[in-house]
Every structure is written in structure tokens, then in C-alpha cells.
Amino acid sequence: MSRVPLVVARTEFRRTVRAVSSERTKLLMMAALAVFMLGSVVIAGGYLLPELGEQLAEGVTAEGAAMATELVTGGVAVGWLFLIFMAGIRTFTSAATVDKPAFLLTSTSLRNTVTGVIVAEILLFGVWLVPPAILLSGAFAYGAGTILPVPFTLLAVVLVLVTAVPVGFVVGTWVRHLVTVYEPIARYRVVLLIGFWVVYFGAIMTGQFNVVMGRLFTALQDSPLGWPGHLLLAGVPNVAASSATIAGAIVGATLLSTVAFAVGIASARIHWFADPARFEESAEPAQPDSSNRLAGLLARGVARPTQTVTLTAIRRTKRAPIRLVYVAYPLFGAIGFVQGIIQTGTVPSYAAVILSLYVIWAAGALFTLNPLGDLGPALPAVVTSSLTGRQAIGGLVVAGTLVAAPIALVVSLALGLISPLSLEQTAALVAGTVVGTVVTPALATGIGSTFPRFGSVNVTNNREAVMPSKTAFVVYSLAIVLPAAAAVVLYTDSPDMLAELITTVSAWTPGPDVSVSARGITITAWAVLVTGLVAPVVSSLYAVERFDWYTLD
């Protein structure tokens, strides 16, 4: 490899690292991912692998050796496919769109650029895979009494990286080309992408993902995809590895990597220099859309300036739905709930309440959690116009209520009917959820006005959007969760239990004992609940005043 691709690779690698390290949110998310996913695997392996290595060093039966071979080769094959999947997603979202293409693509040849980009991706995936591989193989080597597992493991990881990542680059480039350039598919790319993620998470929640992985694990054990696993077996004592298979893995990895690089260069040439798909407006007269019908509905009881704010907020979101991607973030935490519901066929009462509470939270997060920052470049024109704060804030509250209230009615009613809740409890859940979707937009306005965010942030590596600030997220979430928790405490009449629990837990801790009375918890719960009920009115009044008296620097 010449020096130029290495320079491109180093530049792309450093740019990606800086992009992640410069944003604290991304850095915290990456750290959490490393701790909860890789960290748990490393810790578990650190306890189990030394003992496993010691047992294999003492001797293993023929059946045990065959089982070890099947486990290693099947695991490597499935891991190779999963790495292609992740590399494809990474290419689709980032690597297939180079930064500053006008400079990079005119500074050197396309071959050097593509080679450098792919090498940078290999390095990025290597940062995640190589350290755990060294730790795990080192733990196994410690128990086995030989250092050979470490170098053979590293060689296997390198072979997987230099083949899977280039193949993933080709796959990701062509998928992005189809959804951005090929007009018949690009026209429906949003629907296709949503469908893909629905199918993906649906497979995880229903358990079908594990079924597919299990079948692939068995079917690919003797395939070429599992050959690099024999490199791992070469360092395992008393387990025979096939020399011919190892040689085939090395030769096959060299050929596949070379072909993948060549195809990646050709694919990038087609995609990077292609014009994006353009959709011509239909010559037929436009039919009345939902916005026009909504405008007619609002005209019956809402002032025209407020109507304009409401329709503008909804239309902007409809044209750029990525602005609301943050509303879906809490749904990742609900995957466990949904998976349990699908597997058991029942909805626990607590799950119905929590999911309804999410709908209430989302109602305020849709349009009103950043009322000033969402205006973007139009902020000076809007705040200096004749639009009053009451009209501006009222329009956003109406927009959030119109969108969320019907959803709240359907979701809470469905959850209540299929859960063990009684009819009276279901009616209370539906009423509370619907009323909550009317109240939380007003609550969010004042919090978003107090902690606005005017600059855009990277939603993906190549898409930016204005999102509410992290402080507004936290304060708004607490303003909903705390009164809801207080209402649950009072509704279930559990102050006595909580007081006993707090006293017991404090006795276990090394600090001073804390004695809490049930009366104190009751008073606190009522205070929090009343404050939560009054907060939306105070918050909306503050937002109106903040809008009316907002001054431009």
C-alpha cells in the first residue's frame, strides 16, 4: 500500500474519533455501550476462560474436541456475518458519504480515497474488537499455560476484519446508492428504512432473531466462513486444528479482501459521482391533503395566528421527521417490555402504565420542548413580528395535543383492555393518559424556554437537526415522573411500605440511619403531586412571557 491511502485512512480515523470525543453525549453513549456489552463479556470471560483453558490443558475427549471445533467455527462464521451487517450500517450512515468530497476526491485518485476509507473503517472496528480479543485470549492462555492462544486469536480477528469490513462497505454503498439515487426506490426510502428497523427490532422482540442465528450457527460451521476459527483452535491445547483449513482461510481471506477492495472502488465511483434522485412534481391538480382538512377544522375555534403556528409546526415535522428522532429514544428501553409481552401473550399492569406514561412524555416532547430554538433562522423574524407569545405558545400546545391525544386514547385503551387492569382502572388509565397529553405540552413550553438550544446537533454522522437541550430533557422528564410516582404512591396507599423500606435500606448502608414516617411520605407525595398539577400553568405563562420579552443579541 502506498503512502497516500495511509494518509487518507489516518485522517478519516482521526476525524471520526474527534467527532465522537467532541460531543459528550456520544462519548457517554459509546462508554456505556462498551461497559454494558463488551465489559460484561470480558468480565464473564475473565472468570470462565482460565478454568476452561486449564481443563483443556489437562486433556479432552474426542467428543469434547469435536464440540469445541463446532462452537468455535460456528461462532466465527456468525460473527463474520454480524460484522458485515454492522460495517454495512456504518457505511450507509457515514463512510459512503465522505467528508469534504470536493477536496478529497480532487486531491488524489479514487483508488487511494476508497482504500483509505476502508482501512479507516477496519481500524475503527479494530478498536472495539482487538482489546477484548487480547484480554479474553490472555485469560484463556493463563489457564492453559501457553501464550499461543493470544497471537492466533489476533490473527483470526485480523482475517475477519480485513474481509468483513470491505464486504460491508460494498453492501452499504450499494444500499445507500439505491435509496438515494435509484428513483423508484429513493421515492419510498423513508418507508423502506422504517420497515427495515421495524422488522429488525420485531425479530429481536419476538425471538426470531435468535432462531435465525441458531440455524446459521449450525449451518455455517463447516463452511468457508468458519475456517478462520481453526486459527483459534491452533492455539488451544489438545484440540486438533486442520492445517489445510488454516491455509485455505489465509488464502481465501487474501482473495476475498482483494476482490472486495476492487469492487468497493468501482462501487464508490458509481455512487459518489452520481446525481441524487429528483422527483418531479405531478402536473395533476393537487388534492386537498390532511393539512388543509386540519386547517378547516382549526378555523372553527382557533384564531388565525395560532392556526398558522400549529400548521407550521406539523408541516415542518412532516417534511423533516428526523427532527423528532429523539422522541423514539426511550422506546429502546421498552424493547424488554415488548419482548416479554410477545413471549407471554399478556401485558402486565405496570407495563401498561409505563407505556402510557411514555405517550404522555412524548406529547410534550414533540413540538414544545424547544419553542425558541426550533424556530432556527426564522427566530429574528418571528419574535419581531406581530405574533404574540400567547399565540405562538398556544399554537405549539395545540399541535402537540392534536397529534398525541388520539394516539393516547387508542394506546391506553388497548393496553388497559389486554392487561389485567379492571374496567374502572382502565377508564382511569385512559382518562389520565389523554389528559396528560393535553397538559404536558404546556408543561414543556416553559422548561424548553428556560433551557433552549439554538444550534443543531448530529443526529447521525451526516444529518443534523435542532434538538432540545439535555437539561430540558432531564428537567421535563423529572417533572412528569415525580408527580406520576407520587400519584401511584397515594393511589396504592403505600406510604407505610415505603417508610419501612427506606428505614431498612438505610440500616444496611454504612451511613447514618434514616428514619422516615409514613405521614412524612404522604405529605411529600401530596406536595409533589400538587406542584406537578400546578406546574403546567406556571410553565406555559412563563413561556409566553419569555417569548414576548425575548431580545436578540
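These numbers come from a predicted model, not from an experiment. (Residues numbered from 1 in each chain as written. Predicted model: local features only at pLDDT ≥ 70, side-chain atom pairs only at ≥ 80, totals over all residues. Heavy atoms only, no water.)

**Q** In this structure, what is going on with a positive patch on the surface? I would like to understand it.
**A** On the surface, Arg-3, Arg-10, Arg-14 and Arg-18 cluster together into a patch of positive charge. Looking at the element boundaries, Arg-3 is found in helix 1 (residues 3-21). What makes Arg-3 exposed here is its relative accessible area of 64%. (Patch = residues over 30% accessible without salt bridge, like charges linked within 9 Å, V, L, I, M, F, W, Y side chains within 5 Å. Areas by Shrake-Rupley, 256 points an atom, 1.4 Å probe, with all protein chains shown as cover. Salt bridge = Lys/Arg side-chain N within 4 Å of Asp/Glu carboxyl O. Lys, Arg positive; Asp, Glu negative; His and termini not counted. Charge placed at Lys NZ, Arg CZ, Asp CG, Glu CD. Helix = DSSP H or I, 4+ residues; strand = E, 2+ residues; numbered from the N terminus. Buried < 20%, exposed > 50% of the residue type's maximum accessible area, 1.4 Å probe, protein only.)

**Q** Would you mind going over the packing of aromatic side chains with me for this structure?
**A** Each pair of aromatic rings is reported with the distance of its centres and the angle of its planes. Under the definition given, this model contains eleven aromatic pairs. Measuring from ring centre to ring centre gives 6.2 Å for Trp-361 and Phe-473, while their planes differ by 20 degrees; the resulting arrangement is stacked. Taken as a pair, Trp-361 in helix 15 (residues 349-367) and Phe-473 in helix 19 (residues 470-491) lie far apart in primary sequence, 112 residues in all. By relative accessible area, which is 17% here, Phe-473 ends up buried. Over the aromatic face of Phe-92 sits the side chain of Arg-176, whose NZ or CZ is 5.7 Å from the ring centroid. (Phe/Tyr/Trp six-rings, centres within 6.5 Å; stacked < 30°, edge-to-face > 60°. Lys NZ or Arg CZ within 6 Å of the ring centre and 35° of its normal.)

**Q** For this particular structure, what's the right way to read the nonpolar core?
**A** Soluble globular proteins tend to bury their nonpolar side chains together. Tyr-326, Val-327, Trp-361, Ala-365, Leu-369 and Tyr-476 are the most contacted members of the largest nonpolar core, which has 34 residues in total. Elements that contribute at least two residues to this core include exactly helix 13 (304-319), helix 15, helix 16 (379-383), helix 17 (389-418), helix 18 (423-450) and helix 19. Of the residues forming this core, the biggest block, eight residues, is contributed by helix 15. When sequence neighbours within four positions are dropped, the list of residues in contact with Tyr-326 reads Trp-361, Ala-365, Leu-366, Met-467, Pro-468 and Phe-473. (Core = buried A, V, L, I, M, F, W, Y, C linked by side-chain atoms within 4.5 Å. Contact = heavy atoms within 4.5 Å.)

**Q** It is not clear to me how the side chain of His-271 should be interpreted in this structure. Could you clarify?
**A** Its location among the elements puts His-271 in helix 11 (residues 243-272). Of the residues examined, His-271 reaches a relative accessible area of 9% and is grouped as buried. Looking at His-271, its side chain comes within polar contact range of the side chain of His-177, at 3.2 Å. Contact partners of His-271, with chain neighbours within four places excluded, come to Ala-96, Thr-173, Arg-176, His-177, Thr-180 and Val-181. (Polar contact = N/O pair within 3.5 Å; in protein donor to acceptor, adjacent residues only side chain to side chain.)

Interpretation in functional terms is not warranted from these geometric data alone.
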